[in-house]
Amino acid sequence: MKVYVGIDLGSTTTKSVVLDERGELLGRGITNSRSNYDVACQIARSEALLDARFRLFQRGFDDCGAAPELAAALLERLRREFRRTQHLRLLAELEAICRVHAEHLGAGRSGPVVVALDEIFAALGLEADRLFRGTARPRSDFFRDIAGATYASEAERIARRGAVDHDTLLGVYDKSILQLEGKPSESLLEDQLLRAFELAGEGSDLAPATRARIEREVRRTIELPLVEAQVVGTGYGRARLPFARECIRSEILCHGLGAHATFPGTRTVLDIGGQDTKAIQVDERGLVTAFQMNDRCAAGCGRYLGYIADEMGLGLHELGPLALCGKRPVRINSTCTVFAGAELRDRLAMGHRREDILAGLHRAIMLRAMSLLARSGGVRREFTFTGGVANNAAAVAALRALVRENYGIEEINISPGSIFTGALGAALFALRAEHGEDATAHAENQTCGARA
Amino acid sequence: MKTHVVKENSMLRQKDMIAEHFRELARAKESGRKVVYTFVPGNLTELLLAFDCLPVHPEINALQSGMRKLSGEYIAEAERHGHSEDVCTYVKCDIGMLLKGNIGPTGEKLPEPDLLLLSYTGCFTFMKWFELLRERYKCPVAMLHVPYQADGTLEPSMIEYVVEQLRRELIPKLEQITGKRYDEGRLAGFLAASARAEEDLVWVLESAKHRPSPIDAYFGGVYYIGPLFTAFRGTQAAIEYYRELREEVAERMRRGLGPVTPEGELEDERFRLVVEGPPNWTHFREFWKMFYDERAVVVASTYTKVGGTYDRGFRHDPNRPLETLAEYCLGCYTNLNLPSRVEMIARYVKEYAADGFLVNSVKSCNSFSAGQLPMLRRIEELTGVPGAFIETDLVDPRYFSAANVKNRLESYFQMLAQRAPAARAEALAP
């Protein structure tokens, strides 16, 4: 079947969206942009195509007459089993690379670092089972973060015993993860999917006949070729894409169109990504009429939150919920990422509570965004917030208060997939390129959004 | 980027003119000619020529240093001497150049000033700049107070006020410094020569109304205004330069050719733009390339009016020598109020049939950048054409973020392209 792919090479994450010929969402993929954009692009794209197959499985299951809840449960198990297989494969590759580096550190295979790695990777393997088979949920979408957090805590524990130095162990990880991330994936997706399906099917309550039908459906879907009819790239790294000039679109246009596709009433879009903030005005067709971006300074963008999370020893996903607990937001003046660290420590030293400081930080970011919005022509109804930071509840709360105060607008559109907005817009441009028509007609069919 | 740069004859001629001027400056001591440091907006070149003085324009030296990749070093030198990072980078570049031996853009040492002449006060930094130079050179200063066109009009009383200052303050000072008598007939001769060159410059700038435009009125425009805005107004060399330039442009227009860029002729003009604000000098070619790679041509710019708003009809008038100089000082673009600037840009958008307009705001210039965002909104309202806003700097290489500027320009051009079919449909609607 023909599919249309949009790729958004952001500064922090790379996203991909796959649409079918009717412009309906088939799949989405995301990975961290790392130092190698080509690999990031390839991974996000294959993740989105994989996700598309899951969506096709679902369509197939519905046609097989399986009870919806049983089919849904099977699909979820399939997804998690597959994730676990992928995670274990990456762990094995990481371990192999780490061992090479550890052996170079001296004493060969019996060196203290190698011995420590045995222990660390045993723990990482157990963690994979907990995350993908148990009830625990990963605190990040990315392998590097999930594995990195456990690796670091295990390394610390082992270092306390004194046989090996903590920094040495972390150094091995840092070198190895970069190497792993720069390596394109080589494993066969079909085999992994079938294996995951076997595992997921064990203990299923489905009737044997239904299960057989489903299995046939899964095989059929796995073998179905997904032909990329058009691919459009956007985002900071777009110049890196090996695409023709007309297949590269500015992220401003993509975010405008993507936001319009998700919420057709959109007139103003705020996008806060890893290192830029965009305020975009669109018309009733999703065409951009005005925009403003942050200047030479990326203060107050997504990276800032990442830095703050690191400073506080928190996961990025934990930042928003903690900030929401703040009762008395502390006034933070600096949205400069570097200065913010100093201001943070200063406030902590003065005895302020972490949640109050975080609440203040979130407000400071949004104050900057408000000035950019004003520059672009203000906030008009409907107002849509996109980009990774739109997933942060505290950021949303701060923005909501400011928009109400300044423009009297209460509602903010936020899609759970807001981080994919740019890639969605790019995929819609891909569809338009193929059909040589206005993508906005298809955009009206998109209903992946929900109002916050 | 190609290393071989395509240049027209007029450009080569201008290069020779500049080289000759700096040679004369280097010889000033021997030849006995007096040297006057002065600024481009409101410059009184003809009057200086009437006293055989040689002008030096510090901001032109700064921009030349920017284009020659020397400004970063000069600015660092000025900062080492205590000038803050936020100060106008023209000032710091000039001060840095001075501290490093005052070697001009052509490699020859610049003479010290016999007079610092400030004939335009719209930029307060100019005053402080000359205060710093006075400290250094301990030379006489002539400072005219040129009223700001706050109401957007030029009143006779304002002209009289400036003429009085020319008569009572400046001319006696020039007489004293040079030992020469003021000769109004001689001044009138230079003014008549100015008017001839001005006529040709206006013709060249207005050629951009043609489709395709034979010139780029911003990146090419900064070369075209060079002689008239600096040391050559009123000279025979300027008359010849503009005659040659006009012939070149007329020929391009006749053959239906686009502007000449450093990489050759721009074919198939795609976007027509109006630009407000000076260009960035440290990355001039890289900046220009961002436009011509997209086949975007600047058809009108306000920067080419900072040394005179000739396209509004002003010409130096030999019959009213001092009055015409006063009008000139009062009428330069930087002395206009915000509504006049809005009106001018909106008129350019219409008259030059532009698809869009761009504000290049200068980070280190508060007096000129203030008000540019509201201007942008107002021009959008008046014209229905979308504007874009970018921020760079004059000569501080640290303030030019190529990736960001390119990203914004690309987005803007794509927005214009996306808008084009819709705009056409609107135009066709009954």
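Fair warning: this is a prediction, and the values are worked out from it, not measured in the lab. (Residues numbered from 1 in each chain as written. Chains lettered and ligands numbered in written order. Predicted model: local features only at pLDDT ≥ 70, side-chain atom pairs only at ≥ 80, totals over all residues.)

1. Focus on the overall build of chain B
Stage number 1. Across its full length, chain B carries 17 helices and 10 strands.
Stage number 2. A compact globule built from 430 residues should have a C-alpha radius of gyration of about 22 Å, and chain B, at 21 Å, falls within 12% of that.
Stage number 3. Considered along the principal axes of its C-alpha atoms, chain B spans approximately 70 × 50 × 40 Å.
Stage number 4. Burial analysis of chain B (430 residues in total) assigns 51% to the buried set.
Stage number 5. Considering only contacts in chain B between residues 6 or more positions apart, those separated by 24 or more positions represent 78%. (Helix = DSSP H or I, 4+ residues; strand = E, 2+ residues; numbered from the N terminus. Rg over C-alpha atoms; globule rule 2.2 N^0.38 Å. Buried ≥ 20, exposed ≤ 12 C-beta atoms within 10 Å, placed from the backbone. Contact = placed C-beta atoms within 7 Å.)

2. Focus on the confidence of the model for chain B
Stage number 1. Across chain B, pLDDT averages 93, with 97% of residues at or above 70.
Stage number 2. Both scores are given for the predicted complex: the pTM is 0.83, the ipTM 0.76. (pLDDT = per-residue confidence, 0-100.)

3. A word on unusual backbone geometry
Stage number 1. A:Arg381 connects to A:Glu382 through a cis peptide bond whose omega is -5°.
Stage number 2. Structurally, A:Glu382 can be placed in the loop between helix H12 (354-376) and strand S8 (383-386).
Stage number 3. Going from B:Arg211 to B:Pro212, the amide bond is cis rather than trans, its omega being -5°.
Stage number 4. Among the structural elements, B:Pro212 can be located in the loop between helix H9 (184-206) and helix H10 (221-229).
Stage number 5. Of note, B:Arg295 is a non-glycine position whose phi angle comes to about 60°, a positive value.
Stage number 6. Turning to its location among the elements, B:Arg295 is positioned in the loop between helix H12 (284-292) and strand S8 (296-301).
Stage number 7. A residue is classified by how many C-beta atoms lie within 10 Å of it, and B:Arg295, with 15 of them, is partly exposed.

4. Observations regarding the interface of chain A and chain B
A common way to state how big an interface is: give the accessible area lost once the parts meet.
Stage number 1. Contacts between the two partners involve 14 residues from chain A and, on the opposite side, 15 residues from chain B.
Stage number 2. Secondary structure elements with two or more residues in the side of chain A that touches chain B: helix H8 (251-262) and strand S7 (288-293) of chain A.
Stage number 3. Among the residues forming the side of chain A that touches chain B, the class breakdown is 7 nonpolar, 3 polar and 4 charged. (Nonpolar A, V, L, I, M, F, W, Y, C, P; charged D, E, K, R; others polar.)

5. With respect to the nonpolar core
Stage number 1. One finds A:Ala427, B:Val274 and B:Val299 to be the most contacted residues of the largest nonpolar core, which totals 228 residues.
Stage number 2. Filtering out sequence-adjacent residues up to four positions away, B:Val274 remains in contact with B:Val299, B:Ala300, B:Ser301, B:Ile345, B:Tyr348, B:Val349, B:Tyr352, B:Ala354 and B:Phe357.
Stage number 3. Formed by 24 residues, the second largest nonpolar core is a distinct cluster that contains A:Ala102, A:Ile120, A:Phe121 and A:Ile146. (Core = buried A, V, L, I, M, F, W, Y, C linked by C-beta atoms within 7 Å.)

6. A short note on the sheet that holds strand S9 (residues 356-362) of chain B
Residue and element names in this part refer to chain B.
Stage number 1. Across the sheet, which stays open at both edges, the 4 strands sit in the order S8-S7-S9-S10 with parallel pairing between neighbours. This sheet does not close on itself; its edge strands, each paired only once, are S8 and strand S10 (387-392). Strand-to-strand twist of the sheet, defined as the mean angle between neighbouring strand axes without regard to direction, takes the value 30°.
Stage number 2. Pairing of strand S7 (residues 271-276) with S9, which is carried by 4 bridges, proceeds in the parallel orientation. (Pairing = 2+ DSSP bridges. Axes fitted to C-alpha atoms, helices over the stretch in contact; angles between N-to-C directions.)

7. Points about the pairing of S9(B)
Residues and elements named next belong to chain B.
Stage number 1. Of all 7 residues in S9, 7 are buried; the element is thus mostly enclosed.
Stage number 2. Burial along S9 is two-sided: the residues Gly 356, Leu 358, Asn 360 and Val 362 and Phe 357, Val 359 and Ser 361 are all buried.
Stage number 3. Examined bridge by bridge, S9 and S10 share 6 bridges and lie parallel to one another. Residue pairing in the sheet places Ser 361 in a bridge with Glu 391 of S10.

8. Overview of the environment of A:Ile248
Stage number 1. You can see A:Ile248 is positioned in the loop between strand S4 (227-234) and H8.
Stage number 2. Between the alpha carbons of A:Ile248 and A:Ala430 there is a distance of 9.7 Å; along the sequence they are 182 residues apart.

9. Re helix H1 (residues 37-63) of chain A
Because each turn of an α-helix spans 3.6 residues, side chains separated by three or four positions end up pointing in the same direction.
Stage number 1. In this model H1(A) runs 39 Å from its N-terminal to its C-terminal C-alpha over 27 residues, within 8% of the 39 Å that 1.5 Å per residue would give.
Stage number 2. Of the residues flanking the end of H1(A), it is A:Gly65, one or two places downstream, whose phi is positive at about 75°. (Expected span 1.5 Å × (residues − 1).)

10. A short note on the environment of B:Thr304
Residues and elements named next belong to chain B.
Stage number 1. Among the secondary structure elements, Thr 304 is positioned in the loop between S8 and helix H13 (321-331).
Stage number 2. Assessed through the 27 C-beta atoms surrounding it within 10 Å, Thr 304 is described here as buried.
Stage number 3. Thr 304 sits 86 residues away from Tyr 218 along the chain, and the two C-alpha atoms are 7.1 Å apart.
Stage number 4. Aside from chain neighbours lying at most four places away, what touches Thr 304 is Leu 205, Ala 217, Gly 221 and Ile 225.

11. Details of the packing of helix H9 (residues 302-312) of chain A against helix H11 (residues 337-349) of chain A
Residue and element names in this part refer to chain A.
Stage number 1. Remark: H9 packs on H11, axes separated minimally by 10 Å, with the N-to-C direction vectors making an angle of 35°. As for the relative orientation of H9 and H11, their crossing is right-handed in sense. Within the contact between the two elements, H9 uses Arg 303, Tyr 304, Tyr 307, Ile 308 and Glu 311 and H11 uses Thr 337, Ala 340, Gly 341 and Leu 344. (Left-handed = near helix turned anticlockwise from the far one by under 90°.)

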